[in-house]
Every structure is written in C-alpha cells, then in structure tokens.
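Next come the chains, spelled out residue by residue.
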Amino acid sequence: MAQIQVQRQQAAATGAAAPPPPQSMPTQNGMAGGVATGPIPLGSTSLYVGDLDLNVSEAQLADLFGQVGQLVSIRVCRDQTTRRSLGYAYINFTNGQEAARALELLNFTPLNNSPIRIMYSHRDPSLRKSGAGNIYIKNLDKAIDHKALHDTFSAFGNILSCKVATDASGQSKGYGFVQFDTEEAAKNAIDKLNGMLINDKQVYVGPFLRKQERDSSTSNTRFNNVFVKNLSESTADEDLKNVFGEYGSITSAVVMRDGDGKSRCFGFVNFENADDAAKAVEALNGEKFDDKEWFVAKAQKKSEREQELKGRFEQKYQGLNLYIKNLDDTISDEMLKEMFSEFGTVTSCKVVRDPSGVSKGSGFVAFATPEEASRAINEMNGKMIVSKPLYVAHAQRKEERRARLQVQ
DNA sequence: ATTGAGCGG
C-alpha cells in the first residue's frame, strides 16, 4: 500500500498561517462525544459490496468474507433475464462486530484484479442522492490508492465510501472522492487538507460538485473572454479592437476565418479584466454595425458549448426519439434499425455499449415524424425479441427522468 | 488538467 505523508504547505508559499492539526481521532460508527452523527446503523450486520468485476461469484465472496466471520447469506445481484452480474453484492453476517471487521479488513481487496468497495447496506437512497458530505480531491499522487486515501481522510470523520478514479488498467487518474456521513466531517476535511502536500503534491480538496453545478459556479459569474457573432464579412480584428477597446484593456481580438481567409463572421475578444468584459457585453449586444446586429455574450468553454448543442439536439428530437431497453445483447445497430424501419424513416439508431463494446441492453431509435415514433411504441413495446419483451418509450432527458423519479 | 456511482430477499 502507498505510504502517505501529509505536510503543511510552506507558509511562504501560501502566505497564510497553517491551521492546527486535528486534535483527536473521531470514534467509531459515526459516534462523536457519544452522540450519533450519521446514518450508519449501529451494529448492522449487512454489507453492500460494490465495484465488483462482473465475473466475481458468490463462491469467491464466501471465501473472502468467510475468513472474517460467520456468514448468514451472500448474494450477487443480477439482471433478471440475462443473469449478468450488476456489479454489486450483499453480505450478511451473524453479528455486527464481524461485519464491522470485514468492512475494515477487506475494503478494497482486489477480486479479479478490481478492488471491491464495501459499505454498510443502506437501502434508503436519500443520502446517496443528496451528495451531502461528499468531497472531491485532485492533484493526487498516482501512488495513492483507495486505501491510502481512506486512511488519510478517516481522521476527519466516518467515511461511507471512498474511491480514487482509475483508468481501465487500474492506474490512478490523480483524483478521487470521499463521502463522509456528515457535512461537518466533510467541511473539516476541506478546511484541514485543502492546499496541503500529500506525498509532496499540493492537493485540492473541496466539496463535490456535479458537472452542471461546476459550470454554473465557475463560468457563469465572471469571464474575460467575449464571443461576438453576426459580424459583417468585412469586419476585421482591428475593428473589434476599436469597438471593444472602448470598454477596457484588451489582450486579444480575433475574427475567425476559414482556410481561404474568408471571415466566418464571428470572433472572440479577450479583456484584461472581467468587469470590462461584462460592460462590453451589456453595451454591445444587439447593437448594429454595417447593418448587422451583433450578438455579444460571454464566450463559452468547449464543454459548455457542447452541453448546449446537446440540449438543442435533444429538443429537435422531442417526440421523435425513442428509448429502448431490455434489448437482447446480440442486437446490433443495424438489426435495431431494421426492426423499426417498418414504422417509418429511422433517422438515427444506436445500441448503448460499455467501453469494451458489450451491449448494455438499451438503445435509441429516432424517427422522421412523431406519428411514426408513436406507432413504433404501440407496436413494439412489450414485443418478444429473441428472448425478452422489449421496452419502448419516448426518450427523456436525464434531468427529466431524475425529476420524475423523485416525485414518485 | 482530471467533479462517480450506488442498495436485495
């Protein structure tokens, strides 16, 4: 296992006094000062084991967990029809001490080369969904594995789940996650470890934010780079500099051009300071130059742009795109298209696959008209294909689905 | 630089 050292960042480098080290180790089981702080069931005998390689069997788990205590039951959860492992299992012990010991001793043990991740079984998903107490760590030394990360952060509170992001070969990607059972523990870990050196690398430790939250917190607020479109073909870099220069100091102004040097009628202007960029957007958006009404706004990052285009794409396919599941593994894109072509013009068609190319048993089919799509739902939903009844419905965006699931 | 996924009988 990786040996970790946490050091204080040199005072000269941070310009701030280092905070004192944590004074005491927290007690077991989410108890602090005798008061339960977290949702961990005291004395629980039931463990959830995730991140399982799909070929891990009950027998392998019995061999491993049986070494620690007496088992009541073991179950690898599987798809009802394919019997393929869902990558998680339940292990039930006769008593809580054994379960606790198994969690402590066996967490991150590799089975079929993949470290397993053990948690107490907690069937109520509300805490998992809320993400409270979840933190993100980046700039981690590659030598730091799951266990080392866990050991480092367990000083701040009870950890429900912990993981270093890894590539297919198990190599660390240099960032990871720690889910504490309380926000207080998470806050404490952030206060104490953000900016510290771990194995000589200065780590960032902060609250976990979903991609969307991150985009809106970082880029929506302040920006230096301005996007301008609907330029006349004759507008050149110099013209942008002149017009935008009225609002502040500019570091660059560029009209984008194709290979022949012909203007693509949009460009970017970068301001030295964000207030000036905002002023320019406010003043120039919608103004007319050479009879062209300029669109002026904060320049989007590539990721934001892609996100927006995706949204538009989905809107365009509203009512036309169908979501298919319970699809037999052997069905290819071409077969799927053929299956649905009798209801109309299939404009796009895709089987969802995992990174190794294995079908995930779901897919999307889009039609040219909403009528064709509706007919396909009526005719194909529930139809037996190879061995299973197909599920066919209108595709929903992820956010819509999440919202619906929360209501139910 | 890199902001998961996830709970049965």
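All values reported here derive from a predicted model rather than from experimental measurement.

A. Region of the structure containing the sheet that holds strand β4 (residues 46-50). Taken together, four strands build an open sheet; the order of strands is β5-β6-β4-β9 and the sheet is antiparallel. A single partner strand is all that each edge strand has here, and the edge strands are β5 (71-78) and β9 (117-120). The mean inter-strand angle of the sheet, taken between neighbouring strand axes irrespective of direction, is 20°. As paired strands, β4 and strand β6 (residues 85-93) are joined by four bridges and run antiparallel to one another. Considered in β6, the bridge of Leu47 is made with Ile91. Across the sheet, helix α3 (residues 96-106) lies against β4, β6 and β9, angled at about 150° from β9, the strand it touches most.

B. How the structure looks around the protein's contact with DNA strand B. Around DNA strand B sit 32 residues in total, of which Tyr90, Arg128, Asn134, Lys138 and Leu209 are the nearest. For DNA strand B, the backbone portion of the atoms within 4 Å of the protein, that is sugar and phosphate, comes to 37%. Contact distances for DNA strand B include 3.4 Å between a base nitrogen and a side-chain N or O atom of Arg117. Interatomic distance of 3.0 Å between a backbone N/O atom of His122 and a base nitrogen of DNA strand B. Counting residues per element, the surface near DNA strand B draws most heavily on strand β12 (residues 172-180), at four residues. In the surface near DNA strand B, the residues fall into 13 nonpolar, nine polar and 10 charged.

C. View of the packing of aromatic side chains. Counted according to the given criterion, the structure contains 21 aromatic pairs. Ring geometry for Phe244 against Trp294: centres 6.0 Å apart, planes inclined by 10°, an arrangement best described as stacked. Here Phe244, found in helix α8 (residues 237-245), pairs with Trp294, found in the loop between β20 (292-293) and β21 (295-298); they are 50 residues apart in sequence, far enough to count as distant. Judged by relative accessible area, Trp294 falls into the buried class, the value being 2%. Joined through ring pairs, the aromatic side chains of Tyr136, Tyr175, Phe177, Tyr204 and Phe208 make up one cluster. The aromatic ring of Tyr204 is capped on one face by Lys138, whose charged end is 5.3 Å from the ring centroid. A cation sits over an aromatic face here: Lys325 above Tyr391, 4.5 Å from the ring centre.

How each quantity is defined
Residues numbered from 1 in each chain as written. Chains lettered and ligands numbered in written order. Predicted model: local features only at pLDDT ≥ 70, side-chain atom pairs only at ≥ 80, totals over all residues. Heavy atoms only, no water. Pairing = 2+ DSSP bridges. Helix = DSSP H or I, 4+ residues; strand = E, 2+ residues; numbered from the N terminus. Axes fitted to C-alpha atoms, helices over the stretch in contact; angles between N-to-C directions. Contact = heavy atoms within 4.5 Å. Near = heavy atom within 4 Å. Polar contact = N/O pair within 3.5 Å; in protein donor to acceptor, adjacent residues only side chain to side chain. Nonpolar A, V, L, I, M, F, W, Y, C, P; charged D, E, K, R; others polar. Phe/Tyr/Trp six-rings, centres within 6.5 Å; stacked < 30°, edge-to-face > 60°. Buried < 20%, exposed > 50% of the residue type's maximum accessible area, 1.4 Å probe, protein only. Lys NZ or Arg CZ within 6 Å of the ring centre and 35° of its normal.

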